[in-house]
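Survey of secondary and tertiary structure
Chain residues, written in single-letter form:
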Amino acid sequence: MTAPALPDTHPPVQKPWWKQNQQRLAPWLFLAPGIFMFMMYVIIPIFQSVNISFYDWDGLGEATWVGTDNYVELMDDEAFYTSLKNNVIWLVLYMLAIPGGLFVALFLNQTVRGIRIYKSLFFFPFVISQVVVGLVFAWFYDPNFGLMNIALGWFGIEPIAVLADEDYVTYGIIAAGLWPQTAYCMILYLTGLNAVDPEQIEAARLDNAKGVKMLWYVILPQLRPATFIAVVVTVIGALRSFDLISIMTDGGPWGSSRVLAFYMFEQAFSEYGFRMGYGAAIAVVLFLIMMVYITGFLYKMYRDERGH
């Protein structure tokens, strides 16, 4: 007769805490340095800027609490409204970089002779500095020897001093900014086009879809991630535009080309008196505009995704 098996009296081996949670904790360990840097250089400065906006401070001496006086002063500041108006113009016209980048990407996403040369030419504006872009376009617009006015002279049109005319200066700077921004959107869409499902393309062709229908119903839905990044980056670029204005006009003529980021710099760091509190108030307004726009776009994308 076989003896019954004795029960195992040894307790199960307990794995170390790290072994049990390794897969769950590993991503956070890799993200920790980035999160720390983001908190230190983005999130905390935002709250510090909001706090400084309630003070009258020159950046060195003792800060004096003034409450909402800086924001009240903004409401009567003509230069602030000029800057705000220019920012709206930047925001609207800068969005042309997105369809421009898309159509350039569609053109470059072909296997034709010399396509690498074309890609290099279109990619070039993205890799050069904004300072270089500003200088190039300042020379381009020059009323005496600029290529634009030389070309206009061929048609009998008088030279136009774009950067010295209040009516044209903002549009001239935006045109300069659109050159590298379109190249950036082009890169995003080229990357997105490489991930487009060829089976969907073939299925659409069997259904006799081509041209605009193919683009609208088959390709663009698959490019939503690229479009999202392009819109967010373009909006942020339009609202925080500073480099080109500083290089090309320094806010002139007579402050007509200012935007909020440049006006903030003038008030906080230039000869206007080192008004850190007032500059911080301008920065807070700019941040709120940016957040409202991007939050609205995120909500729209979320609603569209839920609808599908």
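The structure under discussion appears in the preceding block.
The text that follows walks through the structure, step by step, so that each part is easy to find. (Residues numbered from 1 in each chain as written. Predicted model: local features only at pLDDT ≥ 70, side-chain atom pairs only at ≥ 80, totals over all residues. Heavy atoms only, no water.)

**A word on unusual backbone geometry**
Trans is the prevailing form of peptide bonds, just as negative phi is the prevailing case for residues other than glycine. Selection rule: Only DSSP runs of H or I reaching four residues or more are called helices, and only runs of E reaching two or more are called strands; each is numbered from the N terminus. For each residue, the accessible area found with a 1.4 Å probe, counting protein chains only, is set against the maximum for its type, and the residue is called buried under 20%, exposed over 50%, and partly exposed in between.
Backbone torsion omega between glycine 252 and proline 253 reads -5 degrees, so that peptide bond is classified as cis. Mapped onto the secondary structure, proline 253 falls in the loop between α12 (243-248) and α13 (260-269). We note that aspartate 250 has phi near 55 degrees; this positive angle belongs to a residue other than glycine. Along the chain, the position of aspartate 250 falls in the loop between α12 and α13. By relative accessible area, aspartate 250 is classed as exposed at 52%. Notably, tryptophan 254 is not glycine yet its phi reads approximately 55 degrees, a positive angle. Along the chain, tryptophan 254 turns up in the loop between α12 and α13. For tryptophan 254, a relative accessible area of 73% puts it in the exposed group.

**Things to note about the side chain of asparagine 86**
Defined as follows: Residues are treated as being in contact if the distance between any of their heavy atoms lies within 4.5 Å.
Mapped onto the elements of the fold, asparagine 86 is located in helix α3 (residues 78-94). Look past the residues within four positions of asparagine 86 in its chain and what remains in contact with it is Thr170, Ser256, Ser257, Arg258 and Val259.

**Quick word on helix α8 (residues 169-194)**
Short version of the rule: How far a helix is expected to stretch is found by multiplying one less than its residue total by 1.5 Å. Two axes enter the bend calculation: one fitted to the seven residues ending at the residue in question, the other to the seven starting there, and the bend is the angle between them.
Between its first and last C-alpha atoms α8 spans 39 Å; for 26 residues at 1.5 Å apiece the expected length is 38 Å, and the two agree. Taken as a whole, α8 carries its principal kink of about 30 degrees at leucine 178; the proline proline 180 stands between one and four residues after it.

**Describing the pattern of salt bridges**
A side chain of one charge can pair with a side chain of the opposite charge if their charged atoms are brought near each other. So the rule is basically this: Salt-bridge detection follows one rule: a side-chain nitrogen of Lys or Arg within 4 Å of a carboxyl oxygen of Asp or Glu.
Tallied over the full model, the rule gives two salt bridges. A salt bridge links arginine 275 to glutamate 73, with the shortest nitrogen-to-oxygen separation between them at 2.8 Å. Of this pair, arginine 275 sits in the loop between α13 and α14 (276-307) while glutamate 73 sits in helix α2 (residues 69-75); the two residues are 202 residues apart in sequence, bridging distant segments of the chain. Under the relative-accessibility criterion, arginine 275 is labelled partly exposed at 24%. On the basis of relative accessibility, which here comes to 33%, the residue glutamate 73 falls in the partly exposed class. A salt bridge links arginine 258 to glutamate 266; the shortest N-O distance between them is 2.6 Å.

**Here we look at the side chain of glutamate 266**
Here glutamate 266 lies in helix α13. The class for glutamate 266 is buried, based on a relative accessible area of 8%.

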